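# Inside the fold
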Amino acid sequence: MLNVQMLVLDVDGVLTDGGIHVGPDGQETKRFHVHDGLGMRAWTGLGLKLAVITGRRGPAIGHRLADLGVPLVFQGSTDKGTDLARLAAQSGVAPGAMAYVGDDWPDLPAMTRVGYAIAPANADARVKAVAKYVTLRRGGDGAVREAIEHLLGQMGRLEEAVAMYAKPAAGGSAGGLAGG
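Now for the overall build of the protein. Counting its regular elements, the protein contains seven helices and eight strands. Relative to its length of 180 residues, the protein is compact, with a C-alpha radius of gyration of 16 Å against a globular reference of 16 Å. Among the 180 residues that make up the protein, the fraction classed as buried is 46%. Considering only residue pairs separated by 6 or more positions, the protein has 52% of its internal contacts joining residues 24 or more positions apart. Across the protein, the 18 positively charged side chains and the 18 negatively charged ones have centroids separated by 3 Å.

Below, the discussion takes up helix α2 (residues 59-67). Among the residues making up α2, those that are buried are Ile61, Arg64 and Leu65. Along α2, the residues classed as buried sweep out an arc of 95° about the axis, all on the same side. Exposed residues pointing more than 90 degrees away from the buried face of α2 are listed as Pro59, His63 and Ala66. Buried positions along α2 lie against α1 (34-45), β4 (49-53) and β5 (72-74).

Structurally, the position occupied by Leu38 is in helix α1. Classification of Leu38 as partly exposed rests on a relative accessible area of 23%. For the pair formed by Leu38 and Asn3, sequence separation is 35 residues and the distance between their alpha carbons is 21 Å.

Here we take up the pairing of strand β6 (residues 98-101). The alternating pattern of β6 places Met98 and Tyr100 on one face and Ala99 and Val101 on the opposite face, and all of these are buried. Relative to β6, strand β1 (residues 6-9) is paired through four bridges, and the arrangement is parallel. Its bridge partner being in β6, Val8 is matched across the sheet by Tyr100. For β6 and strand β7 (residues 116-119), the ladder comprises three bridges, and the chain directions are parallel.

Looking now at the packing of α1 against helix α7 (residues 158-166). Where α1 contacts α7, the two axes come as close as 10 Å, and the packing angle between them is 105°. Classed by the angle they form, the pair α1 and α7 counts as roughly perpendicular. In this structure, α1 contributes Leu38, Arg41, Ala42 and Gly45 to the contact, and α7 contributes Ala161, Met164 and Tyr165. Among the residues making up the contact of α1 with α7, the classes are represented as five nonpolar, one polar and one charged.

Cut-offs applied
Residues numbered from 1 in each chain as written. Predicted model: local features only at pLDDT ≥ 70, side-chain atom pairs only at ≥ 80, totals over all residues. Heavy atoms only, no water. Helix = DSSP H or I, 4+ residues; strand = E, 2+ residues; numbered from the N terminus. Rg over C-alpha atoms; globule rule 2.2 N^0.38 Å. Buried < 20%, exposed > 50% of the residue type's maximum accessible area, 1.4 Å probe, protein only. Contact = heavy atoms within 4.5 Å. Lys, Arg positive; Asp, Glu negative; His and termini not counted. Charge placed at Lys NZ, Arg CZ, Asp CG, Glu CD. Arc of directions from axis to C-beta. Pairing = 2+ DSSP bridges. Axes fitted to C-alpha atoms, helices over the stretch in contact; angles between N-to-C directions. Parallel < 35°, antiparallel > 145°, perpendicular 65-115°, else oblique. Nonpolar A, V, L, I, M, F, W, Y, C, P; charged D, E, K, R; others polar.

This is the structure we're talking about:
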């Protein structure tokens, strides 16, 4: 059975569709998929660790990840392999106990060091070649949620995650964790 203690995500092309929207004032905006957010909350709700390593910087990234409670965020990464090693030292989780979702060449140094590499459907062919799992969904369109469901299924914990949302709360409405 798979033993993943930490999930590490790229942002552009994984949590987003890779598009960068720049307003007339130079402000960047990004589109995130709510299903990915719910999957990320379920992952951490099970006591599993979550981190992000991204080559870009920006308030949109910081705001969304803070909203989702992602505690370990490396923005502006110029070497994702080195930052993965820093993340391992900081978190105490060995790279072999990590899964990484990436879509493009800068992700390769991290993806080749972790225990379980995942690529979205629209990832570069070289990235897909090193991935142990390629999602059916594209980056920014629920690929992270699919990756999380895949991992939890392989770990025998998917039904536990679903139960966090499916159990009735006091008063009879659906309970569990907040959405994504």
